[in-house]
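The lines below spell out each chain.
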There are 2 protein chains.
Amino acid sequence: MKRLYGLLTLRTFDYYSYFCLLSFIFDLMISKPSIPKGTRDFSTDEMLKREFIFDTIKKVFKLYGYQPIETPAMENLSTLLGKYGEEGDRLIFRILNSGDFLAGVRDEDLQKREGGKLSQQICEKGLRYDLTVPFARYVVQYRDKLIFPFKRYQIQPVWRADRPQKGRYREFFQCDVDVIGSDSLLNEYELIKIIDEVFTLLDISIVIKLNNRKILSGIAGYIGEGSRITDITVAIDKLDKIGIDGVNEVLREKGVAAGAVQKLQPFLKLKGETNAKLMKMEELLSKSETGMKGIAELRTLFSFIRADKISGKVELDLTLARGLNYYTGAIIEVRSADVAIGSICGGGRYDDLTGVFGMKGVSGVGVSFGADRICDVMNQLNLFRSLSSSSTQVLILNFGEAEIKYALNILKLLRNLKIKAELYPDQVKLKKQMSYADAREIPYIIIAGEEEIRANELTIKIMSSGEQKKIQLKDIKSYFLFLKKAND
Amino acid sequence: MKRLYGLLTLRTFDYYSYFCLLSFIFDLMISKPSIPKGTRDFSTDEMLKREFIFDTIKKVFKLYGYQPIETPAMENLSTLLGKYGEEGDRLIFRILNSGDFLAGVRDEDLQKREGGKLSQQICEKGLRYDLTVPFARYVVQYRDKLIFPFKRYQIQPVWRADRPQKGRYREFFQCDVDVIGSDSLLNEYELIKIIDEVFTLLDISIVIKLNNRKILSGIAGYIGEGSRITDITVAIDKLDKIGIDGVNEVLREKGVAAGAVQKLQPFLKLKGETNAKLMKMEELLSKSETGMKGIAELRTLFSFIRADKISGKVELDLTLARGLNYYTGAIIEVRSADVAIGSICGGGRYDDLTGVFGMKGVSGVGVSFGADRICDVMNQLNLFRSLSSSSTQVLILNFGEAEIKYALNILKLLRNLKIKAELYPDQVKLKKQMSYADAREIPYIIIAGEEEIRANELTIKIMSSGEQKKIQLKDIKSYFLFLKKAND
């Protein structure tokens, strides 16, 4: 306590450090076990919500002919490194070699204390950083067995050593759906249909934004800065947040010539309806072969979409770039129309994903659903319908040894009807059993004591109303039929 | 080639090394990417089988009132270490601290090259080794929020740095179901019911073996070697494999006194029906309080079981010990009646699982289903019914741009019926499209070319028989009604 008091009198008093210190002491006092920062436990409530989202997504993926695969959590570092840029390499969790991990390390390498070099000698494996690179590895590894076009989906956790912060975790699930080995724009259209169907089923209103990387290349070429496409797209990407002046400022800082920035202005100011935008761009980019190809691709895609009831939700957004450098065609991003939480789904076409693994010229397109953000949106909009039929529906009270046989018989009858039921396992006070039902939100309680057993009856208590009703044991099936139906 | 030839002339020629070398060279030649040894990719076929097993297990768990939770893949090493014995500690995969992992390491510690000590300084986290310890950690961490008795299930992968071998992997799924905070033997009975129901649904004939740790303690005490219970149970556990003489030999090697081994013989020779065995044991262990308690517990459990149709599958097996030292009451193990593959499910009661995390005196009981072995058994017995309704049911051939609109309309009609359907995305030769359907085992093909479109018709080809049939577009719903029903 003396040390604590000393801290309080520090000149540069910092409330945050003080708070951290207090919570550390508190943790020590109760010596509660904990989990690594940035990771999460999922309680039953959270699990049921997530299961609902995953099941919905899977159902749609299957309806559209996509097939599940899974890959191991650990990949060889040779598979992962160099695929996500320098920053990405740093964020990969590495796994210490098992056994004598220092065996092959030279003394001088140890003494130099070069972490980067050393980690390559003591770690061969890493946790997957996303599902895309393992998918590319999978396609190359099994190229002789797979049937192309290969339509796969994959729902698994990924790990990143990011600084933990609100809404950003070190372990999170990705739900990826990709088709590889087909150039057809019908695939982009199908993915947009999948997006629409998933979010319709989840009851989330969305805006789907589309762009094409070839148009961005065309623009970069048109303004005479073809080699600076990354700087330019990164700047354009921020238009929403920092406005036209901000984008221009960023471009100048990056060293883009004033004339080029000037030539870019008509693109930043493009407004209006999709067709009008496309026509204006055709005018500007008429001499860029790549740009015109991008425009033609978008025209075809919009022609499929226009024949559909989803057309109202889809818009062309020339500022959409989505950082990742491997996109070569369509770029897709989905936002909630009601909650400002960033992208909840996104992806695009990549023409050479498997190239790094030695398989050239195979084009793919895919999107990834962000389960965490989707869950946040649904929580905020209160969209989770009652998931109570996923949990126990009936609790039978435990009256003691003499009554157990009768209770077990009721339990069996209920479970045969596929009704989720429990018998309270311990012979404790009924009040305690009732409060268990209450806390677990079990809607029906069955009371079958001496009196009921003598008359071959049971008492049903409806927890929401407190109402009680006696029925004959033989009528149990007809009484609970509605619960059985709720489960079908 | 010259070097290879040199190797072939080595005096101590070793075929295995030679084979390894060849396959290494072969790998290099085709430079195929690979995954870490002991891990697996799951293809769609394997995924559908595993999904079927997991879904069946989950359905039963829920019917019995168990609730899902999930814990992170990474746990703090302080949570994991010391819980699985020395050997277990060695098998935990450790995760290198991110950032400058050498920062806090002293030069002298580096120079000493003590792997064990160093790994504790450069790794704070590890991959979970099983689901039981994370569950115990979870219960203690959220003790104030949980409702007891807490009935949870958890289906997640675990990782062990075991030497990979046939049927043993470094990443595999566990399906655990436990109830914690209840002493009642009704829980043991319920778990046996769950086991019976899961394997009945999977169509696997099983034998459920039961024992009680208290009886084993009683026996150890009775023969005067109470402190040697681990050695004794480990030896008894091998009775099946090495016979009575073998067990006696092992006991003598471990230093168990000859008189004690002699006194053990009646237990090793116990035969016959459950009740007869229990009576004989009551005679022998009449002076052991613990032993008599174990016998009484088994009697109660068997009295629940006897009232049930599962009784034929359940047998008392006094040699059942299941290595793990934390069991304190019932011990449960399940084997396939038809395939000799070892235990496919097992568990027991543990009275002090959460004690290591500071929460004393909370009793739990649970079992774990081995998904990999269950899958192996079902493969060997050919028990996977057609899972084809999980995959695409109808493929619409792609005749080109003029016919796309008509095809997209058919696609929409089918998907509205929840029939899994695809349109081949590329305009390639029909032969190629047909072989795609063939390879993917898609049972129905729809042909809608110029001729069909003109007449508002479509041709359906049944792949199994080769039969073709023309129907009106408006009749598509009634024609495919049986597929829709197969999905419900």
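The structure contained in this document is the topic of the report that follows.

### Examining the interface of chain A and chain B
If you look at the interface, chain A gives 101 residues, while chain B gives 101 residues. The junction of chain A with chain B conceals about 8,400 Å² of combined surface from both sides, 59% of it contributed by carbon and sulfur atoms. The largest contributions to the chain A side of the interface with chain B come from Leu-63, Arg-113 and Arg-415 of chain A, which together make up 8% of the buried area. There are 14 salt bridges connecting chain A and chain B. A salt bridge links Asp-41 of chain A to Arg-137 of chain B; the shortest N-O distance between them is 2.7 Å. Remark: the boundary between chain A and chain B carries 38 residue pairs in polar contact (both at pLDDT 80 or more). Among the elements that take part in the side of chain A that touches chain B, helix H3 (residues 44-63) of chain A stands out by supplying 7 residues, more than any other. Broken down by class, the residue content of the side of chain A that touches chain B amounts to 49 nonpolar, 22 polar and 30 charged.

### Some remarks on the side chain of Gln-154 of chain B
Residues and elements named next belong to chain B. Examined against the element boundaries, Gln-154 turns out to sit in strand S5 (residues 150-159). Judged by relative accessible area, Gln-154 falls into the buried class, the value being 0%. For Gln-154, the side chain forms a polar contact with the side chain of Thr-71, separated by 2.9 Å. Of note is the side chain of Gln-154, whose polar atom sits 3.0 Å from the side chain of Gln-156. Once residues lying within four places of it in the same chain are set aside, the contact partners of Gln-154 are Ile-69, Glu-70, Thr-71, Leu-131, Phe-135, Gln-174, Cys-175 and Asp-176.

### Regarding the packing of helix H10 (residues 213-222) of chain B against helix H11 (residues 229-236) of chain B
Residue and element names in this part refer to chain B. Interhelical geometry of H10 versus H11 gives an angle of 110° and a closest axis separation of 10 Å. One way to sum up the angle between H10 and H11 is to call them roughly perpendicular. Crossing geometry of H10 relative to H11 is assigned as right-handed. Side by side, H10 and H11 meet where Arg-213, Leu-216, Ser-217 and Ala-220 of the first sit next to Ile-229, Ile-232 and Thr-233 of the second. Among the residues making up the contact of H10 with H11, the classes are represented as 4 nonpolar, 2 polar and 1 charged.

### Details of the packing of aromatic side chains
Here the structure, examined in full by the defined rule, presents 30 aromatic pairs over all chains. Ring geometry for Tyr-138 of chain B versus Tyr-142 of chain B: centroids 4.6 Å apart, planes at 50°, classification tilted. Summarising the burial analysis for this pair, Tyr-138 of chain B and Tyr-142 of chain B share the class buried. Taken together, a centroid distance of 5.7 Å and an interplanar angle of 70° make the contact between Tyr-444 of chain B and Phe-482 of chain B edge-to-face. Within this pair, whereas Tyr-444 of chain B is found in strand S14 (residues 444-447), its partner Phe-482 of chain B is found in helix H21 (residues 481-487), the two being separated by 38 residues in sequence. Using a relative accessible area of 40% as the deciding quantity, one classes Phe-482 of chain B as partly exposed. Here the aromatic cluster, defined as three or more aromatic residues joined through ring pairs, consists of Phe-61, Tyr-153, Phe-199 and Phe-369 of chain A. In this arrangement the basic side chain of Arg-50 of chain A is found over the ring face of Phe-42 of chain A, its NZ or CZ atom lying 3.9 Å from the centre. Sitting over the ring of Tyr-66 of chain A, Lys-151 of chain A keeps its end group 4.8 Å from the ring centre.

Reading the values: rules and limits
All residue numbers refer to position in the chain's written sequence, counted from 1. Going through the entries in the order they are written, you letter the chains from A and number the ligands from 1. In view of the model being predicted, local features appear only for residues whose pLDDT reaches at least 70, and side-chain atom pairs are presented and counted only at 80 or more, with totals across whole chains, interfaces and linings using the full set of residues. The basis for the side-chain values is all heavy atoms of the structure; hydrogens and waters are excluded. Contacts are assigned to residue pairs that have any heavy atoms within 4.5 Å of one another. By definition, the buried area sums, over both parts, the 1.4 Å-probe accessible area that each loses when the two are put together. Salt bridge, as used here: a side-chain nitrogen of Lys or Arg that lies within 4 Å of a carboxyl oxygen of Asp or Glu. By the criterion applied in these results, polar contacts are pairs of N or O atoms within 3.5 Å in which, for protein atoms, one can donate a hydrogen and the other can accept it, and in which residues neighboring in sequence qualify only through two side-chain atoms. Strands here mean DSSP runs of E at least two residues long; helices mean DSSP runs of H or I at least four residues long; both are numbered from the N terminus. When residues are sorted by character, Ala, Val, Leu, Ile, Met, Phe, Trp, Tyr, Cys and Pro go into the nonpolar class, Asp, Glu, Lys and Arg into the charged class, and all the rest, Gly among them, into the polar class. Exposure categories follow from relative accessible area, calculated using a 1.4 Å probe and restricted to protein chains: below 20% of the type maximum is buried, above 50% is exposed, and the middle band is partly exposed. Every axis in this analysis is a line fitted to C-alpha atoms, fitted for helices over the stretch in contact. Angles between the N-to-C directions lie between 0 and 180 degrees. Here the angle decides the label: under 35 degrees means roughly parallel, over 145 means roughly antiparallel, 65 to 115 means roughly perpendicular, and every other value means oblique. Note on convention: near helix rotated counterclockwise from far helix by under a right angle means a left-handed crossing. Clockwise means right-handed. Only rings of Phe, Tyr and Trp enter the pairing, Trp through its six-membered ring, and a pair is recorded when the two centres are within 6.5 Å. The plane angle decides the type: under 30 degrees is stacked, over 60 is edge-to-face, the rest tilted. The criterion for a charge sitting over a ring is simple: Lys NZ or Arg CZ within 6 Å of the ring centre, and within 35 degrees of the ring normal.

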